[in-house]
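Commentary on secondary and tertiary structure
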Amino acid sequence: MLNIEASTSEAGPFFRYVTVSPGAAVRIVLSQNYTDCQETDAALFATVLRNIARSYSNPASSGLPFKTLVVDHPAASIAVIHLGLFNDIFGESAELFDILKSPRCGLNLTFSALKLASASWFSAVLPGIFSAGFPLDNISHAHLGYLIPLDEENPRLLAETVGLLPALSFVKVSGLIGPCLVHVAGFSHTGEDVLTPFPSLESIHFRRVPFLPCDKKPKEILDLVDGELLQQFLMTRGATVRRLRLEGCLYLKKADVDKLCKVVGDVVCWDEEDSTRQK
C-alpha cells in the first residue's frame, strides 16, 4: 500500500519514477500549492494524473484492469474532488461513496483547493482524468456524485465524459449529477454525431436525486430530473436498460413511479417515505 499526502508540485515529479504493481492500493491526498493560481494548479494536477497513469501503464502493472470508477465532489467551503479507480465491482446495495475512506486495490485520489474552484478549473481537470492515459475501457461500474455544480459553464461535462466509456453497464448517481445524466442520455443526438452516450448501460441507481414535481414545468437549469425525459430514455433503450433503482429521491410521487414501472424491464426499487420528504 502506498499512502501519500503532498502538494501537486511535489507529487508530480515523484510519480515519474514509481511503478505500481497490480495488487497495490494507492491513496493520494493532493493539496493546492499556496503560490499558484487555480488555472496553474489545474495544469499541475493534470501533470500529476499523467505521471500516475504512466506508473500504471508499465509492463509490471499491465495486467491491472480497472473495473470501477468513482468521481465525487461533496459540498464544502473548499473545492474537493475524489477520484477512485478500483479493480473490484461493488454491489448496488453497498454504501459506495464510503469506499474512499479505506484503501482498496487500485487508486484513491483526493484533491483539495484553497477555495471553491472556478468553472475553468474544473474544465481543465475533469477531461484530464480521462485523457491522462488510465486504462478505462474495462470500466463497467461508475459511481458519480456532487452536491454543487462541478462546472457552471458546462454542468453536463462529467456525465458526457463518463458516457463515452464503452463497457459501462451500471451507473450510480447522487445529487445534482442525476439531472445532468438524464439530460445527456435522454436527448437524442443529431445525425452528425457518431457516438451514443452510455452505449452498454443496463442499470441506473439514483440516490438522493431531486426529481421535477408533477405540477411544475422543466427549467433550463439542470437541477431537477425531468421524469418524462427519463421515461422517454427508458422506452428508447428498453432492450438494454433493464433495471432502475430510486433511493431517497426527492419530490417523487407514486404516479411518477407507476409511469416508470410501465417501461423499465425488471423492477423499480422505490423508497416512498424518503422520496416524499422535502429538502
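Treat the numbers as computed from the prediction; the structure is a model and nothing was measured.

**Topic: the overall build of the protein**
When helices and strands are counted, the protein shows 8 helices and 10 strands. Classification of the 279 residues of the protein by burial places 52% in the buried group. If you sum the accessible surface of the protein, you get close to 12900 Å²; carbon and sulfur atoms cover 52% of it.

**A look at the pattern of salt bridges**
Here the idea is simple: oppositely charged side chains can pair when their charged atoms come close. Throughout the structure, instances matching the rule amount to 3 salt bridges. With a shortest N-O distance of 3.9 Å, glutamate 5 and arginine 27 are connected by a salt bridge. A residue pair is termed long-range when its members are at least 10 positions apart, and glutamate 5 in strand β1 (residues 2-7) and arginine 27 in strand β2 (residues 25-31) qualify at 22 residues. According to the relative accessible area criterion, glutamate 5 is exposed, its value standing at 61%. For arginine 27, a relative accessible area of 26% puts it in the partly exposed group. Between arginine 207 and glutamate 247 there is a salt bridge, with the nearest N and O atoms lying 3.5 Å from each other.

**Things to note about helix α7 (residues 254-261)**
Listing the buried residues of α7 in full gives Asp256, Val257 and Leu260. Down the axis of α7, the buried side of the element spans an arc of 95°, and every buried residue falls inside it.

**Comments concerning the packing of helix α5 (residues 177-186) against helix α6 (residues 227-236)**
For the pair α5 and α6, interaxial distance at closest approach is 9 Å and the crossing angle is 45°. One way to sum up the angle between α5 and α6 is to call them oblique. Between α5 and α6 the crossing geometry is left-handed. In contact with Val182, His183, Ala185 and Gly186 of α5, α6 contributes Leu229, Leu230 and Phe233. Taken together, the residues of the contact of α5 with α6 break down into 5 nonpolar, 2 polar and no charged.

**Here we look at the environment of alanine 46**
Of note, alanine 46 is situated in helix α2 (residues 38-56). The sequence separation of alanine 46 and isoleucine 129 amounts to 83 residues, and the corresponding C-alpha distance is 7.4 Å.

**Concerning the pairing of strand β8 (residues 203-207)**
For β8, the tally of buried residues reaches 5 of 5 residues, placing the bulk of the element in the interior. Here β8 shows no split at all, with Ser203, His205 and Arg207 on one side and Ile204 and Phe206 on the other all buried. Across 5 bridges, the pairing between strand β7 (residues 170-175) and β8 is parallel. Note on β8: the bridge partner recorded for valine 171 is isoleucine 204. Summarising the sheet, β8 and strand β9 (residues 243-247) pair through 5 bridges and their orientation is parallel. Paired with phenylalanine 206 across the bridge in β9 is leucine 246.

**Regarding the nonpolar core**
In this structure, Leu69, Phe134, Val162, Phe206 and Leu246 are the most contacted members of the largest nonpolar core, which totals 69 residues. Each of domain 1 (1-140) and domain 2 (150-278) contributes no fewer than three residues to this core. Residues within four places of leucine 69 in sequence aside, it is in contact with Leu83, Gly84, Leu85, Phe130, Ile139, His141, Ala142, His143, Val162 and Leu165.

**A word on the packing of aromatic side chains**
Per the counting criterion, the structure on display carries 5 aromatic pairs. A ring pair is formed by phenylalanine 206 and phenylalanine 211, whose centres lie 5.8 Å apart and whose planes are at 80°; its orientation type is edge-to-face. Of the two residues, phenylalanine 206 and phenylalanine 211, both sit in the buried class.

**Quick word on the confidence of the model for the protein**
Looking at the protein, pLDDT values average 75 and 68% of them are 70 or higher. Within the protein, β8 carries the highest mean pLDDT (90), whereas helix α8 (residues 272-275) carries the lowest (56).

**Concerning the environment of alanine 11**
Mapped onto the secondary structure, alanine 11 falls in helix α1 (residues 8-14). Discounting chain neighbours no more than four positions away, the residues touching alanine 11 are Ala6, Leu30 and Val48.

**With respect to α5**
Of all 10 residues in α5, 9 are buried; the element is thus mostly enclosed. Of the residues making up α5, those classed as buried are Ile177, Gly178, Pro179, Cys180, Leu181, Val182, His183, Val184 and Ala185. Turning to α5, the residues buried within the fold contact β6 (141-146), α4 (157-162), β7, β8 and α6.

**Overview of unusual backbone geometry**
Backbone geometry at phenylalanine 198 places phi at a positive 55°, although glycine is not the residue there. Mapping phenylalanine 198 onto the fold places it in the loop between α5 and β8. Here phenylalanine 198 falls in the buried class, since its relative accessible area comes to 1%.

Cut-off values and rules
- Residues numbered from 1 in each chain as written.
- Predicted model: local features only at pLDDT ≥ 70, side-chain atom pairs only at ≥ 80, totals over all residues.
- Heavy atoms only, no water.
- Helix = DSSP H or I, 4+ residues; strand = E, 2+ residues; numbered from the N terminus.
- Buried < 20%, exposed > 50% of the residue type's maximum accessible area, 1.4 Å probe, protein only.
- Areas by Shrake-Rupley, 256 points an atom, 1.4 Å probe, with all protein chains shown as cover.
- Salt bridge = Lys/Arg side-chain N within 4 Å of Asp/Glu carboxyl O.
- Arc of directions from axis to C-beta.
- Axes fitted to C-alpha atoms, helices over the stretch in contact; angles between N-to-C directions.
- Parallel < 35°, antiparallel > 145°, perpendicular 65-115°, else oblique.
- Left-handed = near helix turned anticlockwise from the far one by under 90°.
- Contact = heavy atoms within 4.5 Å.
- Nonpolar A, V, L, I, M, F, W, Y, C, P; charged D, E, K, R; others polar.
- Pairing = 2+ DSSP bridges.
- Core = buried A, V, L, I, M, F, W, Y, C linked by side-chain atoms within 4.5 Å.
- Domains from an automatic or database assignment.
- Phe/Tyr/Trp six-rings, centres within 6.5 Å; stacked < 30°, edge-to-face > 60°.
- pLDDT = per-residue confidence, 0-100.

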